Amino acid sequence: MVDKLIAVRTPLNSPFLPGSDSIPAVWAGRTPQLSDWHDVLRPRRLAGLAERGRAILGEAGLGKSTLVRRIARDASAAGDWVTPQLRIPLGADPLKLLASALLALADEAGLPTSRDRRIGALLARIQSVAASGIALTVRQAPGPDPFTVLRDLLIELGRAAIRRGNVVLVHIDEVQNVTNKDALSQVLIALGDAIAHEEPVDAPGGLRITRHLPLAIYLTGLPEFKDMTASRTGATFARRFQTTTLAALDDDDVAAALQPFVIDGWEVPDDLGGMGRVHMEPDAVRAIIDLCRGEPFLFQLAGERAWYAAADGVITRAQVLRGWRAARPEAATHVERILDRLPERERQFLEAMAGLPPEQRTLTNIASSMGLAKATEAGPTSQRLDSTRGIIERGRPYTFRHRAAEAYLTSDWPDVS
Ligand SMILES: Nc1ncnc2c1ncn2[C@@H]1O[C@H](COP(=O)(O)OP(=O)(O)OP(=O)(O)O)[C@@H](O)[C@H]1O
Ligand SMILES: [Mg+2]
């Protein structure tokens, strides 16, 4: 049949995007975090109510950056002033990055055209923060600290947003890469003070009241960031930021994301200039769910490989498995990287836990497998793996929340027969 010759699936029209920095078309879950933005954070800040910033942390590949990129895209579509994803390279000066991004927002908000001399002076000062960053404090240059300049500009942007009726959204990514403690503290204080700022405004009836500014701050990065804020800046950070540690996606979320392929087929442009539809067998969906173990990165990887495994209009289970075999080394590396990054003791803990039958995974048994005399000696390690990293859950018995790490440590996964 001529039909078979038409390539519906091509590399050019794959909706799956492993590892790319753009928002994937096949989106799964994260509903609580999306609705937190749409239903809580944005409306409350618009209404002038107090609301903390958001820190979204988690192990690599869980979709922290992508989640906030999507929130930022929605915000931008709603007319908000949004910074790009400000990725901090290791050891880079976050003050410079933030200052440059705020300068761009100031342009968007029309601040440079203001006739207010104070704003002119503020913009001049922020230029020097963008150029010199933390060095301004080191040199003990005359003038205010960078954080006061950043805070003042955020407040000015917030005032402009009140007039416009929109929100200012700042997204700083890879926050764990801020190695300079002073710079970190200055950034957190500037952001925290701006979020907490109360602005006097006139209410109907000639009443003078105060309100919060429509500012929303998102920080994303690895769980270690929590430790970095535990010291000096800790109290401010905890009071002004609400921290969420992302875990794996639920299987239901992955299934829901693939449902459009099962019901109507996924619409794509074909190579004849028309539109085609790509369907997925329910068995293929089940195979992807099983292989990716709730890891967003592995979900995209499995989907992409299945897409490339043939060119016709139906993705089968056999194609999913064939595709996964080709991706196997990448899937293994993904989990190995997460495990290798762990401190020795945490890695040992996970290995000991994985070595026990699921129902025997108690702190006492794990500690004894690790060769420790007392369960309490493994206490801090288990606490970190749970509350800081979100890799395990200390229930009765202990369970893995990072299901790909569990699969890697306890079975042949990612091998498929
Ligand atoms: N909700 C989601 N649904 C489907 N795919 C997702 C989702 N979130 C993220 N992904 C995909 O997972 C991969 C990893 O996402 P992302 O880069 O955002 O992770 P991360 O947590 O920021 O990782 P890292 O710590 O390495 O920066 C990307 O390919 C992205 O497309
Ligand atoms: Mg990221």
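## Points about the pairing of strand S1 (residues 53–57)
Of all five residues in S1, five are buried, a share of seventy percent or more. Residue alternation in S1 divides its side chains into two sets, Gly53, Ala55 and Leu57 and Arg54 and Ile56, and both sets are buried. Pairing of S1 with strand S8 (residues 241–245) involves five bridges; the strand directions are parallel. Each residue of the ladder has a partner; that of isoleucine 56, found in S8, is threonine 244. By the bridge criterion, four bridges tie S1 to strand S7 (residues 215–221) in an arrangement that is parallel. Considered in S7, the bridge of arginine 54 is made with tyrosine 218.

## Description of the nonpolar core
Counting residues in hydrophobic clusters, the biggest one holds 56 residues, and the most contacted among them are Leu258, Met280, Leu298, Phe299, Phe349 and Ile392. Each of two domains, domain 1 (11–18 + 249–338) and domain 3 (342–410), supplies a minimum of three residues to this core. With residues up to four places along the chain from it excluded, the contact list for phenylalanine 349 reads Leu363, Ile366, Met370, Ala378, Thr381, Ser382, Leu385, Ile392 and Tyr398. Core analysis: the second largest hydrophobic core is formed by 52 residues, Ile134, Leu191, Ile195 and Leu215 among them.

## Quick look at the domain arrangement of the chain
For the chain, the assigned domains read domain 1 (11–18 + 249–338), domain 2 (31–245) and domain 3 (342–410). Facing the five residues of domain 1 at the interface are five residues of domain 2. Around 370 Å² of area is buried between domain 1 and domain 2 when both sides are counted, 60% of it from carbon and sulfur atoms. When the buried area of domain 1 at its contact with domain 2 is split by residue, Glu295, Pro296 and Ile338 rank highest and sum to 75% of it. Considered class by class, the residues forming the side of domain 1 that touches domain 2 number three nonpolar, one polar and one charged.

Here is what the cut-offs are and how they apply
Residues numbered from 1 in each chain as written. Chains lettered and ligands numbered in written order. Predicted model: local features only at pLDDT ≥ 70, side-chain atom pairs only at ≥ 80, totals over all residues. Heavy atoms only, no water. Buried < 20%, exposed > 50% of the residue type's maximum accessible area, 1.4 Å probe, protein only. Helix = DSSP H or I, 4+ residues; strand = E, 2+ residues; numbered from the N terminus. Pairing = 2+ DSSP bridges. Core = buried A, V, L, I, M, F, W, Y, C linked by side-chain atoms within 4.5 Å. Domains from an automatic or database assignment. Contact = heavy atoms within 4.5 Å. Buried area = accessible area lost by both parts, 1.4 Å probe. Nonpolar A, V, L, I, M, F, W, Y, C, P; charged D, E, K, R; others polar.

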